Every structure is written in C-alpha cells, then in structure tokens.
Amino acid sequence: MTTTPVPPPGCPAHGSGQPIPLHTAQFAADPKAFYAYMRHHGPASLVELAPGVEATLVTDYGAALDLLQNPTVFHKDSHRWRALGEGRIPADSPVLPLLAPRPNCMFTDGAPHLRLRQAVTDSLARINDIRLSQTVERVAQYLIAQFSARGSADLLNDYAKPLPLFVFNELFGCPSEIGDRVMFGIAGMFDGINAEQANHVLVQAVGELVALKRAQPGDDVTSWLMEHPAQLNDMEMVHQLVLLLGAGAEPLRGLIGNTLHQVFTNERFARSGLLDEALDDTLWRNPPMANYAPHYPAVDTDVAGHKVRAGELVLVSFAAANAALADQASSNRAHLAWSAGPHACPSKEPGRLITLTAIEHLLNELPDVELAVPEESLVWRPGPFNRALAQLPVRFAPVKPRVSAQPQQPEAPLRPQVPQPSASGTDQSNSKRPGRWSAFLAWLQK
Ligand code: HEM
C-alpha cells in the first residue's frame, strides 16, 4: 500500500513553489523523506544546492536514464552553465569545486570526451585484481593495527577515509614525497579544510608526479595513462589524474562507510557473510554519490515534463531514482549508483574490489565488531551531492596488532621514509622502519 508522503520535516519549500534546499541539516538527517516527497510531486523538482544555486533534480528512474543516455541534448561541459556565465553563482559557493568547468573527461562532450575517457578506461583496465586486493589488504592491516588494541574505533575516520587514499598512492605510483601531498590535497579538498590551499598542493604534487613518470615510467596507472595512444599532454595528464583521485577517494570513503553501516544495522547482513549482497543493497538504497551527473541542455527542452531552458543546470538523483525500485530489484545491479550512459563511472570493478576487500578484511580481523552507539544517533554529513556518515563509532574485543603500528615521526610529519610496498606486491608491512603511512595518518587524524 502506498501512502502520500508528508512534507519532510523542516522543508521550507513545502507548498511555496520555492526550490527544495538540499544543503540543510534536515536533508542530511532524512533524505529519503525528501526524495519520497519530490517523487510524489513528479519525476523532476526544482532544488537549491547551496544558497543561490538552483537546479532541476530528476528523481525518476526512467527519466534519469533518458537524460543520461541522451548526450545530443544534455551536455556535460559546464561552460554552458548559464547562471555561471551570467555571474549569478557566488564565487565562494561550496558547490563550485564540483560543478565548475575542468578539462577532464567528466566535463567534456563528444570526441574530446571519447578521447580522454578511452585513455582513462584503458588505463584502469590494466589494474591487476590480485595486486590491487593485496594492496588493499596491506593498507587495511596497517590501519587496523592503529586501533585494534583499543577495542574501539571510528571506522569512518580511522578506516574508510584513509584507506582509499593510501591505496591510490600505491596504484598511481606516487613516491612518498609526492604521495603525502597528494593525500593531503584530496583529503583537504573534500573536507573543505583550506580547500583552496589543498587544491593548489594537489595540482602541484600531481604535476611533479607527471614529470617524474615522464622520466621514469613505472608499473602504475599514471604511467599507463601516459603511455596511452591518446598521447595526453602534461596539462591533460594533470587534470585526468586529479579527477581520478578525487572522483575515486570521496565516493569510496562513502561506499565503505555506507556498506559497513548496512552490515551493522541490517539483520539480513549482520554476520551472514553476504558482503556482495550488502554492497549491492547499499548501492540501491544508500548510494554514496546520491545526487550528481550535472548536465546542461543544448536547447530549451522538457525534462520529464519539466521545462528547462538551454544552459540550465539539471542533476540526477541516483538515490531517489533507485529508491522506487530497490525493494523489487535489490538483488540485481540495475541501480544507478555508478550512473549510466557515456559518463558512467569507469571504475566500478576496482571500486567494488577495494570496498569488498576492505570490509572483508576488517570483519575477519575483528569478528565481533559492532556499532558502539544507537543507530539513530549516527550523524550524516551535510551537502547536496554525497551521502556519507560523519563518524561510525564501533567497539570490539581488543586484539593485539598483527603488524607494527609504526609510530609517528614528529620531527618529519610529512616526510615519509618507509616501507613502500613493492611493485611485485611483496608484503613489507612487518618492517620495523617508521612509516610514511604513519606520518600521513597522524596528519589526517588531527
Ligand atoms: C576507484 C575508485 C573510482 C574512480 C577512479 C572513479 C573515477 C570516475 C571517473 C573518472 C568518472 C568520470 C567519467 C566520465 O565522465 O566519463 C566517474 C564518474 C562517476 N563515478 Fe566514479 N570512480 C571511482 C569510484 C566510484 C564510486 C565508489 C562510486 C559510487 C558508487 C562512483 C560513482 C560515480 C558516478 C555516479 C559517476 C558519474 C558522475 C557524473 O555523471 O557526473 N565512483 N568516476
């Protein structure tokens, strides 16, 4: 039986014809109520992403697919964004970093997109699954060793957040003196701490990585991208790398956190070992990239019955589109969590592998791990795009670390000197030398 959704608590737009704000604490606390409400009123709604930034949000699965698979009308290049061109978007708007034009495959269309995208997909396809899962296990082991003797942890900030950053450092072949700054840059950009400085540090470090790999190519994603027949120049290399690192780290943190949340709170998955199913269920019901896929119509058009002018911002709510079908379909993978069409995520398989390996390893190491607080008290981070917990406090019987927790080197906080896991995948985690991972971790957890 379906019931008429009530206006979400605190929704000031109810009945006023005003855009529905997605940047509020109310939205973060109960997005499902907002989605149900919007869907009840039609397949697309006017929303506010941040003060002064409006968009049309498509909340219906069929309408979302129609849009995502129609690149002739719906373009990604945000140079077309009318409000931005007319100076109506505040220069310091928190949503600009994720919407402003960039010369990468996410914000280009047609032949330029195909060229960049091919280089990205071909390079990601060269990732060796066995080596990737070994890297994830090694990083997981290191991170768990930091808190396992304590009997408690915040799995978001102690595990889900640093793990993708460490794994990427290995995957992209960053030597330690560059890797530290890459990780600092990504973490800072997404946490909004000195976002401008973080972006500057990241771009500079990635530029150095490109110069290094031009001189000394290795067995890593950066070198594979460089070797690709698309022959990316240095500027293109930097922009694709920044995209890959950024587009990967933030949703991976969310996916690991949201899947752990599902495992801890849903009887069906708790201790059942059905991690694959828990992951798919999360991708249906709680996708980490909840609302995104910014598009701009090339001409005045109709989006699911909603008039949209050329150059107006249209987004897809992957979360809302999935929600209507999740009960019937959660055992298959037809959800939109990775988007669809020409800009769908090129990294589904590595993304799944990293997430599943990280969670499996954690549950094997700490078999009795459980939530340390009532589910209702968990706080979700505000923001219109991502769905991610702020913290995930857990408890477990303390376990003696299986590897050295590698104490921090206070005199050289971002000067790692340590066990670089070797390209052959040989485990060096038992090394007694102090670690670059520990130095970065200390900074990250401040
Ligand atoms: C290894 C980790 C990941 C990497 C390297 C990665 C990389 C990328 C890249 C390069 C794009 C742009 C593709 C294009 O525009 O042609 C993209 C898009 C996308 N990714 Fe990922 N991604 C990763 C993990 C994830 C995860 C965990 C999710 C969530 C489940 C996700 C969801 C998406 C979505 C929804 C899009 C479409 C965005 C849009 O249309 O604007 N990605 N990803």
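Draft legend 1. Main features of the site of the ligand. The immediate surroundings of the ligand are formed by 27 residues, with Gly 248, Pro 251, Ser 339, Cys 345 and Ser 347 found nearest. Of all the secondary-structure elements, those providing two or more residues to the shell around the ligand are helix 6 (110-125), helix 13 (234-265), strand 6 (291-297) and helix 17 (348-365). Element by element, the count of residues in the shell around the ligand is highest for helix 13, at 7 residues. Per-class residue counts for the shell around the ligand are 21 nonpolar, 5 polar and 1 charged. Two domains share the shell around the ligand, each providing at least three of its residues, namely domain 1 (1-100 + 290-336) and domain 2 (109-280 + 342-401).

Draft legend 2. Representation of the sheet that holds strand 9 (residues 314-317) within the structure. With respect to topology, 6 strands assemble into an open sheet ordered 1-2-3-9-6-4, the strand pairing being mixed. Bordering the open sheet on either side are strand 1 (20-21) and strand 4 (74-75), each of which pairs with just one other strand. In this sheet, strand 6 lies alongside strand 4 in antiparallel orientation, the contact comprising 2 bridges. Bridging from a neighbouring strand, Phe 74 pairs with Pro 297 of strand 6.

Draft legend 3. Region of interest: the environment of Pro 51. Secondary-structure assignment places Pro 51 in the loop between strand 2 (44-50) and strand 3 (53-58). A residue is classified by how many C-beta atoms lie within 10 Å of it, and Pro 51, with 11 of them, is exposed. Separated by 28 residues in sequence, Pro 51 and His 23 have C-alpha atoms that sit 8.3 Å apart.

The rules we used
All residue numbers here refer to positions counted from 1 along the written sequence of the relevant chain. Residue-level local features of this predicted model are given only where pLDDT is at least 70; pairs of side-chain atoms are given and counted only at 80 or more, and the full residue set underlies all totals for whole chains, interfaces and linings. Nearness between a residue and a molecule or strand is assessed with a C-beta atom placed from the backbone; a distance within 6 Å qualifies. Numbering of helices and strands starts at the N terminus; helices are DSSP runs of H or I of at least 4 residues and strands are runs of E of at least 2. Side-chain classes follow a simple rule in which Ala, Val, Leu, Ile, Met, Phe, Trp, Tyr, Cys and Pro form the nonpolar group, Asp, Glu, Lys and Arg form the charged group, and the remainder, Gly included, forms the polar group. Where each domain begins and ends follows an automated or database-derived domain assignment. Any two strands with at least two DSSP bridges between them are considered paired. Burial is judged by counting the other C-beta atoms within 10 Å of a residue's own C-beta: 20 or more makes it buried, 12 or fewer makes it exposed, and any count in between marks it as partly exposed, with every C-beta position built from the backbone.

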